[in-house]
Amino acid sequence: MRFLLDPEQRAFADSLNAMLTAADTPSAVRAWSRGEHASGLALWRRIAEAGVFALAVPEAYEGFGPRPVELAVAFVELGRHAVPGPVAETVMAAVLLTEPGPAKRLLPALAAGEAMATAAPAGSYALDGDVATVRLTWDAGGLRSAPGHGPVRASLDPARRLARLLPGGELLGPEPPLALALTWARLATAAQALGVGLALLDRTVAYVKERTQFGVAVGSFQAVKHQLADTKVALEFARPLLFGAALAMDPADVAAAKVTACEAAYRAARTALQLHGAIGYTAEYDLSLWLTKARALRASWGSPGECRAAVLDGLSGGGRRS
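Residues numbered from 1 in each chain as written. Predicted model: local features only at pLDDT ≥ 70, side-chain atom pairs only at ≥ 80, totals over all residues. Heavy atoms only, no water.

Looking at the overall build of the protein chain
Now for step 1: Scanning the protein chain for helices and strands turns up eleven helices and eight strands.
Now for step 2: Viewed in the frame of its principal axes, the protein chain has a C-alpha envelope of about 65 × 45 × 35 Å.
Now for step 3: For the protein chain, with 322 residues in total, the buried portion stands at 53%.
Now for step 4: A sequence separation of at least 24 residues applies to 71% of the contacts in the protein chain between residues at least 6 apart.
Now for step 5: Total accessible area computed for the protein chain in this model is approximately 14,200 Å², and 56% of it derives from carbon and sulfur atoms.
Now for step 6: Each charge class in the protein chain was averaged separately, 32 positive and 30 negative side chains, and the resulting centres sit 6 Å apart. (Helix = DSSP H or I, 4+ residues; strand = E, 2+ residues; numbered from the N terminus. Buried < 20%, exposed > 50% of the residue type's maximum accessible area, 1.4 Å probe, protein only. Contact = heavy atoms within 4.5 Å. Areas by Shrake-Rupley, 256 points an atom, 1.4 Å probe, with all protein chains shown as cover. Lys, Arg positive; Asp, Glu negative; His and termini not counted. Charge placed at Lys NZ, Arg CZ, Asp CG, Glu CD.)

The following block contains the structure:
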């Protein structure tokens, strides 16, 4: 099946792409990785003003959602530009906050970009817990607002800073929709991964056209063309799975989209690293911002093994509603 964006969705993607291109996101990412959040927060507010986070917030709480297809469109662009911050976690928070009191208090601010959310199971590391203003954690007792966070730790992706959320805090809901929230988080992560893979492919194609060996462009070598073609096919195969999953929002379909998009992005990262040569290994070169993100997203909100297990569970009927 072919899933084609309508003119309004394409215009939305183009506007986000233009805005993020002009915003110099690599500089914001590097500052974020140093714990300097001013430029990243300014970028966050601009993304929110474009309506991205409102797509996950119900209309009753000043959002536009739930609109998973448009959210996937937006998150491809966030991945394409390696936008820092807990973007998928903010979407997850919008789904978790279902109790009227907390929802009315917190969701309008998330939709408007006045607040930033992170989320993690109790005892696990949360992304950007030091800068998020809404910190959600859950256990058997329900969903809570964490009162703070522990020491910040670096991760594989320098822009993904991790910290454990402190226990206790206000009870926000005794039975949060964890399975639904995980499905949304996986959809957002899959879309980011697709955008990361597309950016890596574009940068690699441009590089092999300029780099020369034996007096000719590296991109003219048949072996290089084959690697790039295989990467392109993997990414284009992931695209309809992503948007098909966004239409259905079935947990198994979304898990399939996540594992496919993340594996395609990971392949794009390996190809980019090989074809760039030694310069691809340097942290100073912008390519590294996408290389590390491709690997980090692969394990975020479900490893390849966990997502494949969810797909098999869905095929056997265990993941589908009767």
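Read on, since the account is not over.
Some thoughts on the packing of aromatic side chains
Now for step 1: Tallied over the entire structure, the rule returns one aromatic pair.
Now for step 2: Over the ring of Tyr125 we find Arg164; its NZ or CZ atom is 4.1 Å from the centre of that ring.
Now for step 3: Against the face of Tyr266 rests Arg298, its NZ or CZ located 4.2 Å from the ring centre. (Phe/Tyr/Trp six-rings, centres within 6.5 Å; stacked < 30°, edge-to-face > 60°. Lys NZ or Arg CZ within 6 Å of the ring centre and 35° of its normal.)

Quick look at the sheet that holds strand S1 (residues 117–121)
Now for step 1: Taking strand neighbours across the sheet as the criterion, the four strands line up as S1-S3-S4-S6 in an open arrangement whose pairing is mixed. Bordering the open sheet on either side are S1 and strand S6 (170–173), each of which pairs with just one other strand. Each neighbouring strand pair of the sheet contributes to a mean axis angle of 30°, computed without reference to strand direction.
Now for step 2: Examined bridge by bridge, strand S4 (residues 142–145) and S6 share three bridges and lie antiparallel to one another. (Pairing = 2+ DSSP bridges. Axes fitted to C-alpha atoms, helices over the stretch in contact; angles between N-to-C directions.)

As for helix H2 (residues 25–33)
Side chains of residues three or four places apart in an α-helix project in the same direction, reflecting 3.6 residues per turn.
Now for step 1: Among the residues of H2, Thr25, Pro26, Ala28, Val29, Ala31 and Trp32 are the ones counted as buried.
Now for step 2: Buried residues along H2 sit against helix H1 (7–22), helix H3 (38–49) and helix H10 (287–299).
Now for step 3: Trailing H2 by a residue or two, Gly35 shows a phi angle of about 85°, which is positive.

A short note on the pattern of salt bridges
Now for step 1: Scanning the entire structure with this criterion turns up twelve salt bridges.
Now for step 2: One salt bridge in this structure joins Asp286 and Arg30, with 2.8 Å as the shortest N-O distance. Here Asp286, found in the loop between helix H9 (251–276) and H10, pairs with Arg30, found in helix H2; they are 256 residues apart in sequence, far enough to count as distant.
Now for step 3: We note a salt bridge from Arg239 to Glu236, for which the minimum N-O separation is 2.9 Å. Linking Arg239 with Glu236, this pair stays in helix H8 (residues 222–248), spanning three residues, or about one helical turn.
Now for step 4: A residue is classified by how much of its surface remains accessible, and Arg239, at 26% relative accessible area, is partly exposed.
Now for step 5: Linked by salt bridges that have partners in common, Lys232, Glu236 and Arg239 make up one network. (Salt bridge = Lys/Arg side-chain N within 4 Å of Asp/Glu carboxyl O.)

Comments concerning the state of the cysteines
Now for step 1: The tally for this structure, following the rule as stated, stands at zero disulfides.
Now for step 2: Summary of cysteine pairing: Cys262 is not part of a disulfide, and the nearest cysteine sulfur, belonging to Cys307, is at 7.2 Å. (Disulfide = S-S within 2.5 Å.)

As for the side chain of Gln192
Now for step 1: When you line up the elements, Gln192 lands in helix H7 (residues 178–210).
Now for step 2: A residue is classified by how much of its surface remains accessible, and Gln192, at 5% relative accessible area, is buried.
Now for step 3: Sequence-distant contacts of Gln192, that is, excluding residues within four places in its chain, are made with Phe75, Gly79, Val87, Ala88 and Leu297.

Considerations on the side chain of Thr231
Now for step 1: Counting through the fold element by element, Thr231 comes out in helix H8.
Now for step 2: By relative accessible area, which is 1% here, Thr231 ends up buried.
Now for step 3: Ignoring sequence-local partners within four residues, the contact set of Thr231 consists of Leu201, Arg267, Ala268 and Thr271.

Observations concerning unusual backbone geometry
Now for step 1: Across the junction of Gly65 and Pro66, the peptide omega takes the value 0°, indicating a cis bond.
Now for step 2: Mapping Pro66 onto the fold places it in the loop between H3 and helix H4 (68–80).
Now for step 3: The phi dihedral of Ala82 is positive, around 55°, even though this residue is not glycine.
Now for step 4: In this fold, Ala82 is placed in the loop between H4 and helix H5 (87–96).
Now for step 5: Within the chain, Phe214 stands out as a residue other than glycine whose phi angle is a positive 55°.
Now for step 6: Note that Phe214 resides in the loop between strand S7 (212–213) and strand S8 (216–217).

Here's the deal with the packing of H2 against H10
Now for step 1: Packing of H2 against H10 brings their axes to within 10 Å, and their N-to-C directions diverge by 60°. Relative to H10, the crossing made by H2 is left-handed. Mapping the contact onto sequence places Pro26, Val29 and Arg30 in H2 and Ser288, Leu289 and Trp290 in H10.
Now for step 2: Tallied by class, residues from the contact of H2 with H10 come to four nonpolar, one polar and one charged. (Left-handed = near helix turned anticlockwise from the far one by under 90°. Nonpolar A, V, L, I, M, F, W, Y, C, P; charged D, E, K, R; others polar.)

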